[in-house]
Amino acid sequence: MSTMYVAREPDATGFIDYPQADHAVWNTLITRQLKVIEGRACREYLDGIEKLNLPHDRIPQLSEINRVLEATTGWQVARVPALIPFQTFFELLASKRFPVATFIRSEEELDYLQEPDIFHEIFGHCPLLTNPWFAEFTHAYGKLGLAASKEQRVYLARLYWMTIEFGLMETPQGRKIYGGGILSSPKETVYSLSTAPTHQAFDPIEAMRTPYRIDILQPLYFVLPDLKRLFDLAHEDIMNMVQTATRLGLHAPRFAPKPEAA
Ligand SMILES: [Fe+2]
C-alpha cells in the first residue's frame with residue numbers, strides 16, 4: 001500500500017509544529033465526532049475522553065497524551081511513520097507503547113481514509129488505553145503477537161480487528177461501541193448500531209475466523225458481554241485458540257472481493 005501522507009517530525013524539544021490547516025481538520029473532526037458518539041460510545045470510553053481532556057482547537061502533542069496514560073495505566077504513545085510493519089507494531093504494544101503516526105488526514109479525506117492518522121489513533125484508541133482492562137488486553141495481545149509466527153499473526157490480526165478496532169459491547173444502557181475504528185468514523189458510529197449489520201455474541205475463535213476488508217463498513221460486529229471480558233481473555237490461552245481457528249478455517253466472507261486496483 002502506498003501513502004500520500006508523511007508523519008511530521010518533532011523539533012529538538014519533542015514539539016511537533018503542525019500547520020494551521022491540520023489544526024483546522026482536527027477541530028472539524030473532534031467537534032463533529034464528540035456529538036456523534038453521544039449515547040453510542042461505552043461509558044469506559046467516555047471516562048477516557050474526560051481524562052484525556054483533548055483540545056478542540058489544535059492537534060494535541062503526544063507528551064500531553066502520555067501524561068494521562070502514564071498516570072492511569074502506564075501506557076505511552078509512540079511516534080511512528082505513516083505505515084509500520086507488523087513486527088514494529090507488536091514490539092510497541094508488547095512494551096505498552098501505542099503507535100501514533102503524526103499526520104492528519106486531508107480536508108478531501110475527512111470522512112474516510114484507509115491509513116490510521118493521528119485523529120484515529122488518539123480519539124479512537126487512547127481513551128480506552130486509560131482503562132486497566134482494555135490496557136491489559138492490548139499489552140497481552142502485543143506480547144503474543146511478538147512471539148507468533150507469520151501465519152498465526154494473521155489470525156491475531158482478525159481478533160484485533162473484531163475487538164480493538166470494531167468491537168461493540170452490552171451495557172446496562174444498551175448496546176454500545178468500544179472499537180476505535182468505529183468511534184473515529186462518524187458514518188460507522190451510526191451504522192454499526194443500526195439494524196443494517198449483523199451483531200453476534202463475542203467468541204474469540206469466531207472472530208479469528210472472520211475475514212474482513214479495511215475499506216468498507218463492516219457487515220458483522222462482535223458484541224462483548226462487558227469490557228472485563230477482554231481482561232479475562234488476556235489471561236486465557238489465546239494461542240491455543242489461534243490453533244483451533246486455523247484448524248477450523250476461515251468463514252466465507254460476507255462482502256464482495258475488493259476490486260483490483262487499476
Ligand atoms: Fe486503529
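Everything here concerns the structure above.
What this report covers is the structure whose coordinates are included nearby. (Residues numbered from 1 in each chain as written. Predicted model: local features only at pLDDT ≥ 70, side-chain atom pairs only at ≥ 80, totals over all residues. Heavy atoms only, no water.)

As for the overall build of the chain
For clarity, the cut-off: Under the DSSP-based scheme used, a helix requires at least four consecutive residues in state H or I and a strand at least two consecutive residues in state E, with every element numbered from the N terminus. The globule rule used for comparison is 2.2 Å times the number of residues to the exponent 0.38, while the radius of gyration itself is calculated over C-alpha atoms. In this scheme, a residue with accessible area under 20% of its type's maximum is buried, one over 50% is exposed, and one in between is partly exposed, where area comes from a 1.4 Å probe on protein chains only. Pairs of residues are marked as contacts when any of their non-hydrogen atoms sit within 4.5 Å. Here the accessible surface of atoms and residues is derived via Shrake-Rupley with a 1.4 Å probe, and residues count as covered only by protein chains that are part of the display. Charged residues are defined narrowly, with Lys and Arg counted positive, Asp and Glu counted negative, and His plus the chain ends left uncounted. Every charge is mapped onto a representative atom, which is NZ of Lys, CZ of Arg, CG of Asp or CD of Glu.
The secondary structure content of the chain amounts to 12 helices and six strands. What you see for the chain is a C-alpha radius of gyration of 18 Å, in line with the 18 Å of a compact globule of 262 residues. Taken along its principal axes, the extent of the C-alpha atoms in the chain is 50 × 45 × 40 Å. Each of the 262 residues in the chain was classed as buried or not, and the buried ones make up 53%. Counted over contacts in the chain with a minimum sequence separation of 6, partners at least 24 positions apart contribute 67%. With an accessible surface of roughly 12200 Å², the chain has 54% of that area assigned to carbon and sulfur atoms. Mean positive and mean negative side-chain charge positions of the chain (26 and 32 charges, respectively) differ by 4 Å.

Topic: the sheet that holds strand 5 (residues 198-201)
In plain terms, the rule: Two strands are said to pair when DSSP picks up at least two bridges between them.
The strand order across the open sheet formed by four strands is 4-3-6-5, and the pairing between neighbours is mixed. Pairing within the sheet leaves two strands with one partner each, and these edge strands are strand 4 (176-177) and strand 5. Across four bridges, strand 5 lies against strand 6 (residues 220-224) in parallel orientation. Bridging from a neighbouring strand, A201 pairs with V223 of strand 6.

Re the coordination of the iron ion
Put simply, the test is: The rule for donors is simple: an N, O or S atom within 2.8 Å of the metal counts, and for Na, K and Ca the reach is 3.2 Å. Water is not among the atoms, so a site may look short of donors. Angular criteria define each label, namely tetrahedral for four donors with all angles between 85 and 135 degrees, square planar for four and octahedral for six donors with opposite donors over 155 degrees apart and remaining angles between 65 and 115, and irregular for whatever fails these tests.
The protein atoms donating to the iron ion are H120 (NE2), H125 (NE2), E165 (OE) and E165 (OE), with metal-donor distances spanning 2.0 to 2.7 Å. Each of the four donor atoms bound to the iron ion contributes to angles spanning 52 to 136°, and the resulting shape is irregular. Within one chain, the residues donating to the iron ion are spaced in sequence as H-x4-H-x39-E. Here H120 is found in helix 5 (residues 118-125), whereas its partner E165 is found in helix 7 (residues 150-165), with 45 residues between them in sequence. As far as the burial class goes, H120 and E165 line up, both buried.

What about unusual backbone geometry?
One non-glycine residue, N53, adopts positive backbone phi at about 50°. Inspection of the secondary structure puts N53 in the loop between helix 2 (43-52) and helix 3 (62-72). Accessibility expressed as a relative area gives 62% for N53, which makes it exposed. Despite not being glycine, K96 has its phi angle at roughly 55°, a positive value. For K96, the position within the fold is in the loop between helix 4 (86-94) and strand 2 (97-101). The exposure class of K96 is partly exposed, given its relative accessible area of 27%.

Some details on helix 5
Burial within helix 5 is extensive, with eight of its eight residues counted as buried. The complete set of buried residues in helix 5 reads I118, F119, H120, E121, I122, F123, G124 and H125.

Some thoughts on the pairing of strand 2
Test applied: The handedness rule is simple: strands pointing away from the viewer, and a clockwise path from the first strand over the helix to the second, make the crossover right-handed.
In terms of burial, strand 2 is a largely internal element, four of the five residues being buried. Pairing of strand 1 (residues 76-80) with strand 2, which is carried by five bridges, proceeds in the parallel orientation. Its bridge partner lying in strand 2, V77 is registered against F98. You can see the chain leave strand 1, run along helix 4 and come back into strand 2, and the turn it takes is right-handed.

Digging into the environment of T102
In this fold, T102 is placed in the loop between strand 2 and helix 5. In this structure, the C-alpha to C-alpha distance between T102 and T198, residues 96 residues apart in sequence, is 34 Å. Aside from chain neighbours lying at most four places away, what touches T102 is V6, A7, R8, I16, Y18, L62, R79, V80 and I118.

Quick look at the packing of aromatic side chains
We count it as follows: Here a pair means two rings of Phe, Tyr or Trp (six-membered ring of Trp) with centres within 6.5 Å. Their orientation is stacked below 30 degrees between planes, edge-to-face above 60, and tilted elsewhere.
The tally for this structure, following the rule as stated, stands at 14 aromatic pairs. Taking the centre distance of 6.3 Å and the plane angle of 45° together, the rings of F137 and Y141 count as tilted. One end of the pair, F137, and the other, Y141, are both in helix 6 (residues 132-147), four residues apart, so they sit about a helical turn from each other. Across this residue pair, the class does not change: F137 and Y141 are buried. Where W161 meets F166, the ring centres are 4.7 Å apart and the plane angle is 40°; that geometry is what we call tilted. Classification of W161 as buried rests on a relative accessible area of 12%.

Points about the pattern of salt bridges
The criterion, for reference: Here, a salt bridge means any Lys or Arg side-chain nitrogen found within 4 Å of an Asp or Glu carboxyl oxygen.
Under the defined criterion, the tally for this structure stands at 12 salt bridges. A salt bridge links R105 to D117, with the shortest nitrogen-to-oxygen separation between them at 2.8 Å. Taken together, the residues span a long stretch of sequence, with R105 in the loop between strand 2 and helix 5 and D117 in the loop between strand 2 and helix 5 at a distance of 12 residues. The salt bridge involving E206 is made with R209; its shortest N-O contact spans 3.2 Å. In this structure, E206 and R209 share a single accessibility class: buried.

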